[in-house]
Amino acid sequence: MTEEAVHLTGLSREELERFAEGMGEPAYRGRQIFSAVQRRRLRSFDEMTDLPKAFRERLAAEAVASTLTVESRYVAADGTRRYLMKTSDGMPVETVFIPEERRDTVCFSSQSGCPLQCDFCLTAKLGLLRSLTAGEIVEQIVIALNDAYGVGAKTPRGTNLVAMGAGEPFLAFDSLMKALGVMADREGLFIVPNRVTVSTAGVVPKIKELATIPERPHLAISLAAPNDELRDRLMPINKRWPLHELLAACKEFEASLRPGERFTFEYVMLDGVNDSDEHARQLARLLNRHHLRAKVNLIPHNPADPLPYRPSTEERVESFKAVLEAKGVHAFVRRPRGRDIFAACGQLAARGGEPNRPALYQIS
Ligand code: SAH
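Residues numbered from 1 in each chain as written. Predicted model: local features only at pLDDT ≥ 70, side-chain atom pairs only at ≥ 80, totals over all residues. Heavy atoms only, no water.

**Some thoughts on the pattern of salt bridges**
Between side chains of opposite charge, a pair can form as their charged atoms come close.
For step 1, the next point in the chain: Applying the stated criterion across every chain yields a total of 29 salt bridges.
For step 2, the next point in the chain: With a shortest N-O distance of 2.8 Å, E15 and K178 are connected by a salt bridge. Taken together, the residues span a long stretch of sequence, with E15 in helix α1 (residues 13-22) and K178 in helix α5 (residues 173-184) at a distance of 163 residues.
For step 3, the next point in the chain: Given the relative accessible area of 33%, E15 is considered partly exposed. (Salt bridge = Lys/Arg side-chain N within 4 Å of Asp/Glu carboxyl O. Helix = DSSP H or I, 4+ residues; strand = E, 2+ residues; numbered from the N terminus. Buried < 20%, exposed > 50% of the residue type's maximum accessible area, 1.4 Å probe, protein only.)

**Comments concerning the sheet that holds strand β6 (residues 105-107)**
Two pairing modes exist for strands in a sheet, parallel and antiparallel, and in both the strands are linked by backbone hydrogen bonds.
For step 1, the next point in the chain: The sheet built from 10 strands is open, its strands ordered β3-β4-β5-β6-β9-β10-β11-β12-β13-β14 with mixed pairing. Each edge of the open sheet carries a strand with a single partner, namely β3 (69-75) and β14 (330-333). Taking the axes of each pair of neighbouring strands and ignoring which way they run, one obtains an average angle of 20° across the sheet.
For step 2, the next point in the chain: Sheet analysis places strand β4 (residues 81-86) next to strand β5 (residues 92-98), joined by six bridges and oriented antiparallel. Looking across to β5, one finds that M85 is bridged to V93. (Pairing = 2+ DSSP bridges. Axes fitted to C-alpha atoms, helices over the stretch in contact; angles between N-to-C directions.)

**What about the site of the ligand?**
For step 1, the next point in the chain: Around the ligand, the structure places 19 residues, and the nearest of them are F120, G167, S199, S222 and N302.
For step 2, the next point in the chain: At 3.4 Å, a backbone N or O of C345 approaches a nitrogen atom of the ligand.
For step 3, the next point in the chain: Burial of the ligand by the surrounding chains reaches 95%, relative to a free accessible area of 540 Å².
For step 4, the next point in the chain: Only β10 (196-200), β12 (263-269) and β13 (294-300) provide two or more residues apiece to the shell around the ligand. (Near = heavy atom within 4 Å. Polar contact = N/O pair within 3.5 Å; in protein donor to acceptor, adjacent residues only side chain to side chain. Areas by Shrake-Rupley, 256 points an atom, 1.4 Å probe, with all protein chains shown as cover.)

**A closer look at the packing of aromatic side chains**
For step 1, the next point in the chain: According to the stated counting rule, one finds five aromatic pairs in the structure shown.
For step 2, the next point in the chain: Between the aromatic rings of F263 and F265, the centroid separation amounts to 5.6 Å while the plane-to-plane angle is 70°, which identifies the pairing as edge-to-face. In this structure, F263 and F265 share a single accessibility class: buried.
For step 3, the next point in the chain: Aromatic pair Y267 and F320: ring centres 5.1 Å apart, planes at 35°, arrangement tilted. Of this pair, Y267 sits in strand β12 while F320 sits in helix α11 (residues 314-326), and the two are 53 residues apart along the sequence. When sorted by exposure, Y267 lands in the same class as F320, which is buried.
For step 4, the next point in the chain: Following the ring pairs from residue to residue traces out a cluster consisting of F253, F263 and F265.
For step 5, the next point in the chain: Lying across the ring of F332, K295 places its NZ or CZ 5.5 Å from the centre. (Phe/Tyr/Trp six-rings, centres within 6.5 Å; stacked < 30°, edge-to-face > 60°. Lys NZ or Arg CZ within 6 Å of the ring centre and 35° of its normal.)

**A closer look at the nonpolar core**
For step 1, the next point in the chain: Counting 96 residues, the largest nonpolar core has F120, I141, F263, F265, V296 and L324 as the members making the most contacts within it.
For step 2, the next point in the chain: Counting residues per element, this core draws most heavily on helix α4 (residues 134-149), which supplies eight residues.
For step 3, the next point in the chain: Built from parts of two domains, this core gets at least three residues from each of domain 1 (6-64) and domain 2 (69-341).
For step 4, the next point in the chain: For V296, the residues in contact, after removing those within four places along its chain, are F265, Y267, L283, L287, L324, V329, H330, A331 and F332.
For step 5, the next point in the chain: In this structure, Y74, A76, C107 and L348 belong to the second largest nonpolar core, which totals 11 residues. (Core = buried A, V, L, I, M, F, W, Y, C linked by side-chain atoms within 4.5 Å. Domains from an automatic or database assignment. Contact = heavy atoms within 4.5 Å.)

**Points about the domain arrangement of the protein chain**
For step 1, the next point in the chain: What the domain assignment reports for the protein chain is domain 1 (6-64) and domain 2 (69-341).
For step 2, the next point in the chain: Averaged C-alpha coordinates put domain 1 and domain 2 at centres separated by 33 Å.
For step 3, the next point in the chain: On the side of domain 2, 22 residues touch domain 1, which itself brings 16 residues to the contact.
For step 4, the next point in the chain: For the pairing of domain 1 and domain 2, the buried interface totals around 1,500 Å² over both sides, and the portion due to carbon and sulfur atoms is 50%.
For step 5, the next point in the chain: When residues of domain 1 are sorted by the area they lose upon contact with domain 2, Q38, R41 and R43 head the list and together hold 43% of the total.
For step 6, the next point in the chain: In this assembly, domain 1 and domain 2 are joined by four salt bridges.
For step 7, the next point in the chain: Breaking the side of domain 1 that touches domain 2 down by element, the ones donating at least two residues are α1 and α2 (27-39).
For step 8, the next point in the chain: Per-class residue counts for the side of domain 1 that touches domain 2 are four nonpolar, six polar and six charged. (Buried area = accessible area lost by both parts, 1.4 Å probe. Nonpolar A, V, L, I, M, F, W, Y, C, P; charged D, E, K, R; others polar.)

**As for unusual backbone geometry**
For step 1, the next point in the chain: Here the residue pair D305 and P306 is connected by a cis peptide bond, since its omega of 5° sits within 30 degrees of zero.
For step 2, the next point in the chain: Here P306 lies in the loop between β13 and α11.
For step 3, the next point in the chain: Phi is positive for A224, close to 70°, though the residue is something other than glycine.
For step 4, the next point in the chain: In this fold, A224 is placed in the loop between β11 (218-222) and α7 (228-234).
For step 5, the next point in the chain: By relative accessible area, which is 2% here, A224 ends up buried.
For step 6, the next point in the chain: For H291, which is not glycine, the phi torsion reads 50° and is therefore positive.
For step 7, the next point in the chain: Relative to the elements of secondary structure, H291 occurs in the loop between α10 (277-289) and β13.

**Topic: the pairing of β12**
Look at any regular strand and the pattern is simple: side chains alternate between the two faces of the sheet.
For step 1, the next point in the chain: Summarising burial for β12: seven of the seven residues are buried, a large majority.
For step 2, the next point in the chain: Every second residue of β12 is oriented toward a common face, with F263, F265, Y267 and M269 on one face and T264, E266 and V268 on the other, all of them buried.
For step 3, the next point in the chain: The pairing of β11 with β12 spans three bridges and is parallel. When the sheet's bridge partners are listed, A220 is paired in β12 with T264.
For step 4, the next point in the chain: Across seven bridges, β12 lies against β13 in parallel orientation. Bridging across to β13, T264 finds its partner in K295.
For step 5, the next point in the chain: Read from β12 through α10 to β13, the crossover connection turns out right-handed. (Right-handed = clockwise from strand over helix to strand, strands pointing away.)

If you want it as structure tokens, here you go:
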């Protein structure tokens, strides 16, 4: 096996047809491979028994069907599952499966670690290790779906994907868009962009670029603060793209919204920091000034050592929400899921299962 082995999970059906032809095989062999790795979600050549054995052996010499290894699987009291995986070069990758009454959600990572230094997020403590490839993104979802529904079993229609794991998806834009294209294929996973939400800390040029893509996922934007002074402190990316630029990009994006579609602002609620009624009024003014078709998801802070914040109290969250709604801004509270296994928002930092267990990877 060479270093450059082709990772089959990251290739589209057409690319696999070309790949098979490059091996001197008919194009339909490529479609068979696509069906094996995407629709049947197989992760080893041995299982692809519809391919001739000699062909499988040749394939195995040039390509890999899987690169991620699952190091640990944690199950939370509320049924949320977290997978701690490793890439072939040893980088940590985490994926979370969130069962819900009406539909399930798979939350995947776009990078190993993250370069953004959001002050309330544990992933930031890892720094950026590297962006993930399209194949590594698709593989996370394959692993989570196989574990939830069985290898190759049909994915329930309502299952959603969110790019809200580790990393900044818009700094892994090409891999992300490639992966979404592969996953949308009806002969494969058949998870269309309409069932995917991508969350960004505010990479303005990519918000604008996404708006130009016809088959695009839904957009969520992490705000965390209603003014530049506070946002500069909590999310340093704000110094690069301050609120007026971010909201102008959102306004541009709005033109691409489909009927009934809204975008989401995420707002982590930090006790005594960004959660007063005055902050809520500022936030409502900010959104109303731009006339944005948006809703706000309030996320009570998920605490983790050594983050210096506490979650807002329930009464505070309710009061904040009431202020927003009185000003015509739709607001929802995101219930924390999987906090006890470090699976909740902002808790992905390649940690072991017990709250006091040290990180598997050194936190600086
Ligand atoms: N980098 C992207 C994708 C991550 S999504 C982004 O920032 O949008 C993760 C969401 O969880 C973001 O909205 C982030 O603001 C929020 N978050 C981060 N740390 C958190 C914490 N400790 N508690 C609650 N939410 C947190």
